[in-house]
Amino acid sequence: MSDRVRIEIGDHVAEVTLNRPGKYNALDRAMFEGIVDAGESLARDASVRAVVLRGEGGNFSAGLDTSSFTDPSGGGPAVSAEAMKPRGGTPANLFQSTAWVWKTLPVPVIAVLEGVVFGGGLQIALGADIRYAAPDARLSVMEIKWGLIPDMGLTHTLRGIMPLDRLKELTFSGRVVDGREAERMGLVTAVKSDPLSAARGLAREIAHRSPHAIRAGKRLLEETFVGDGADGLALEARLQSELMARPNQVEAVMANVEKRIPRFRDPE
C-alpha cells in the first residue's frame with residue numbers, strides 16, 4: 001500500500017485517509033495509485049461494512065499536483081498514454097478509478113470534506129455515497145483553470161444528484177463555493193460543524209445494520225436510480241428474495257423483537 005494513503009479498520013468500519021498533508025493531499029501518480037489500491041483492497045475485505053474517506057491535515061485534496069509531471073518522486077508522470085486506458089476488468093482508467101472504485105465498492109462510503117476540495121479532489125469525493133462538508137470547506141470543479149475538462153467520472157457520479165445547468169456553471173467558471181452553497185446546489189449531502197465526527201457516527205450506525213441488506217441496498221440504488229423502470233422493479237424483487245429468510249434478515253427481526261443488539265454475520 002502506498003504511503004500516500006492510510007487505512008485503519010476497526011469494528012467493521014474502514015477509515016481511508018489521503019496522507020500528503022504538506023501538499024494539501026494533492027494528487028500525484030503515487031496518490032492516484034494508492035487510492036485505487038485502497039478501494040480495491042477494501043472490496044476484498046468482507047468484514048468491512050462502511051468506509052469513511054478523508055484527508056489528513058484539515059484538507060481533503062487540492063487536486064492534481066502539477067509538479068508531478070516533472071518530479072520523479074511522485075511515481076512517474078501522472079498523465080501518460082497508458083494511464084488513460086481502461087484498467088483491466090473495469091471501464092475506468094487510472095484517474096477515473098479513483099472515483100469509480102468508491103462508486104462500485106459494495107459498502108457505503110462517506111466522504112469528509114474539509115479545507116480545499118478542488119478539481120480531482122472533488123471528483124474523488126463525488127464517488128462517495130454521502131458527502132459531509134464543513135461550512136467553510138472550499139469546493140471547485142477547477143479543471144477549466146488549466147484549460148481542461150473534468151475527466152475523473154464526474155459525468156457519471158453527478159448524474160441525478162444536481163441539475164445540469166448548475167453543473168455547467170461550475171464546470172465553465174471554475175468558481176469556488178463554500179460548504180453551505182455546495183449543499184444548496186446538491187453538491188454535498190449535508191453541512192456539519194464537525195464532518196469527521198458525523199461521518200464516523202453514521203459509519204458506526206451502518207456497521208450495526210445487516211451487511212447483506214446494506215450491500216443489496218447500495219447495489220439496488222446504484223443500478224436503478226437512473227435507468228429503465230422495468231429493470232429496476234425486477235432487480236428490487238430479485239435482491240429482496242435473496243435477503244428474505246436468510247440468517248442476517250432473521251437476526252434483524254429477532255434482535256428487534258428481543259430488544260437487543262443484533263449479531264450479524266459477515267458476507268462470504
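Refer to the structure presented above.
Participant: It is not clear to me how the layout of surface pockets should be interpreted in this structure. Could you clarify?
Facilitator: There is about 1,200 Å³ of room inside the largest pocket. Around the largest pocket, the lining comprises 45 residues; the ones closest to its centre are R215, G217, K218, R219 and E222. When contributions to the lining of the largest pocket are tallied by element, the ones reaching two or more residues are α2 (94-103), β6 (130-133), α4 (154-157), α8 (211-224), α9 (229-243) and α10 (247-257). For the lining of the largest pocket, the leading source of residues is α8, giving 12 residues. Here the lining of the largest pocket is built from residues that sort into 21 nonpolar, 10 polar and 14 charged. Along the walls of the second largest pocket sit 22 residues, with L64, T66, E143, W146 and L148 positioned nearest its centre. Of the residues contributing to the lining of the second largest pocket, the split by class is 13 nonpolar, five polar and four charged.

Participant: Would you mind going over helix α5 (residues 164-173) with me for this structure?
Facilitator: Considered for burial, the residues of α5 that qualify are L167, L170 and T171. On an axial view of α5, the arc spanned by its buried residues comes to 95°, and they lie on one face. Counted as exposed and oriented over 90 degrees from the buried face of α5: D165 and F172. One or two residues past the end of α5 sits G174, with phi positive at roughly 70°.

Participant: What is the right way to read the sheet that holds β6 from this model?
Facilitator: Within a beta sheet, neighbouring strands are joined by backbone hydrogen bonds and run either parallel or antiparallel to one another. The mixed open sheet is built from six strands, whose spatial order is β1-β2-β3-β4-β6-β9. On the outer flanks of this sheet lie β1 (5-10) and β9 (190-191), each paired with one strand and no other. The sheet contact formed by β6 and β9 spans two bridges and is parallel. Of the residues in β9, the one forming a bridge with Y132 is A190. Here helix α7 (residues 195-207) sits on the sheet and contacts β2 (13-18), β3 (50-55), β4 (109-113) and β6; the angle it forms with β4, its principal contact strand, is near 170°.

Participant: Help me understand the environment of E15, please; the structure alone is not making it clear to me.
Facilitator: Within the secondary structure, E15 sits in strand β2. Residues E15 and R200, spaced 185 residues apart in sequence, show a C-alpha to C-alpha distance of 8.6 Å. A polar side-chain atom of E15 sits 2.8 Å from a polar atom in the side chain of R200.

Participant: Would you mind showing me how to read the pattern of salt bridges here?
Facilitator: Note on pairing: side chains with opposite charge can pair once their charged atoms come close. Inspection of every chain in the model, using the stated rule, returns 20 salt bridges. Between E33 and R29 there is a salt bridge, with its nearest N and O atoms 2.9 Å apart. In this pair, E33 and R29 are both assigned in helix α1 (residues 29-43), four residues apart and thus about one turn of the helix distant. You can call E33 partly exposed: its relative accessible area is 33%. Look at R29 and you get buried, because its relative accessible area is 10%. Notably, a salt bridge pairs R238 with E242, separated by 3.5 Å at the nearest N-O pair. Pair noted here: R238 and E242 are both in helix α9, with a separation of four residues, about one helical turn. Because the salt bridges share partners, they merge into one network encompassing D3, R4, R20, D28 and D65.

Cut-offs and rules
Residues numbered from 1 in each chain as written. Predicted model: local features only at pLDDT ≥ 70, side-chain atom pairs only at ≥ 80, totals over all residues. Heavy atoms only, no water. 1 Å grid on protein atoms, 1.4 Å probe; cavity = no way out; pocket = protein on both sides within 12 Å on 5 of 7 lines; lining within 4 Å. Points joined across faces, edges and corners; volume = space filled by probe spheres on them. Helix = DSSP H or I, 4+ residues; strand = E, 2+ residues; numbered from the N terminus. Nonpolar A, V, L, I, M, F, W, Y, C, P; charged D, E, K, R; others polar. Buried < 20%, exposed > 50% of the residue type's maximum accessible area, 1.4 Å probe, protein only. Arc of directions from axis to C-beta. Pairing = 2+ DSSP bridges. Contact = heavy atoms within 4.5 Å. Axes fitted to C-alpha atoms, helices over the stretch in contact; angles between N-to-C directions. Polar contact = N/O pair within 3.5 Å; in protein donor to acceptor, adjacent residues only side chain to side chain. Salt bridge = Lys/Arg side-chain N within 4 Å of Asp/Glu carboxyl O.

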